[in-house]
Amino acid sequence: MKIQDPHRLHKEARYEKAEVDRLVYAKQSLPTGMSPNDVAKKLGLSVQSVYKYIQDGSIKAKAVPYGMKESRM
């Protein structure tokens, strides 16, 4: 017996333009940037070193709420 997935949308689903526009705007409003982990990989450093550079001001970063990117680089 197949159980229907309530999160799956049908091909025939239609969305209101205003709702789509709102979602696009909300996504564009989110902070962009790299996480300390991404920066560490790109620079070949440890994550602890990246945090040290953030603390001493060598790397400018801005914290963002949990669940998004960790910091803005």
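Everything here concerns the structure above.
Residues numbered from 1 in each chain as written. Predicted model: local features only at pLDDT ≥ 70, side-chain atom pairs only at ≥ 80, totals over all residues. Heavy atoms only, no water.

Draft legend 1. Representation of the pattern of salt bridges in the model. Scanning the model with the defined rule gives 2 salt bridges in all. The closest approach of N and O atoms between D21 and K17, which form a salt bridge, is 2.7 Å. Of this pair, D21 and K17 are both found in helix α1 (residues 17–29), 4 residues apart, which corresponds to roughly one turn of the helix. Ionic pairing is found between R22 and E19, a salt bridge with its closest N-O pair at 2.7 Å. One end of the pair, R22, and the other, E19, are both in helix α1, 3 residues apart, so they sit about a helical turn from each other. Note on R22: relative accessible area 45%, which makes it partly exposed. (Salt bridge = Lys/Arg side-chain N within 4 Å of Asp/Glu carboxyl O. Helix = DSSP H or I, 4+ residues; strand = E, 2+ residues; numbered from the N terminus. Buried < 20%, exposed > 50% of the residue type's maximum accessible area, 1.4 Å probe, protein only.)

Draft legend 2. Structural view of the packing of helix α2 (residues 36–43) against helix α3 (residues 47–56). Close contact between α2 and α3 brings their axes to 8 Å; oriented N to C, the two are set at 110 degrees. It follows from the interaxial angle that α2 and α3 lie roughly perpendicular. Residues P36, N37, V39 and A40 of α2 touch α3, and the partners they reach there are V47, V50 and Y51. By residue class, the composition of the contact of α2 with α3 is 6 nonpolar, 1 polar and no charged. (Axes fitted to C-alpha atoms, helices over the stretch in contact; angles between N-to-C directions. Parallel < 35°, antiparallel > 145°, perpendicular 65-115°, else oblique. Contact = heavy atoms within 4.5 Å. Nonpolar A, V, L, I, M, F, W, Y, C, P; charged D, E, K, R; others polar.)

Draft legend 3. Quick look at a nonpolar patch on the surface. Together, Y15, V20 and V24 line one region of the surface with nonpolar side chains, adding up to about 280 Å² of accessible area. Checked against the element boundaries, V24 lands in helix α1. (Patch = residues over 30% accessible without salt bridge, like charges linked within 9 Å, V, L, I, M, F, W, Y side chains within 5 Å. Areas by Shrake-Rupley, 256 points an atom, 1.4 Å probe, with all protein chains shown as cover.)

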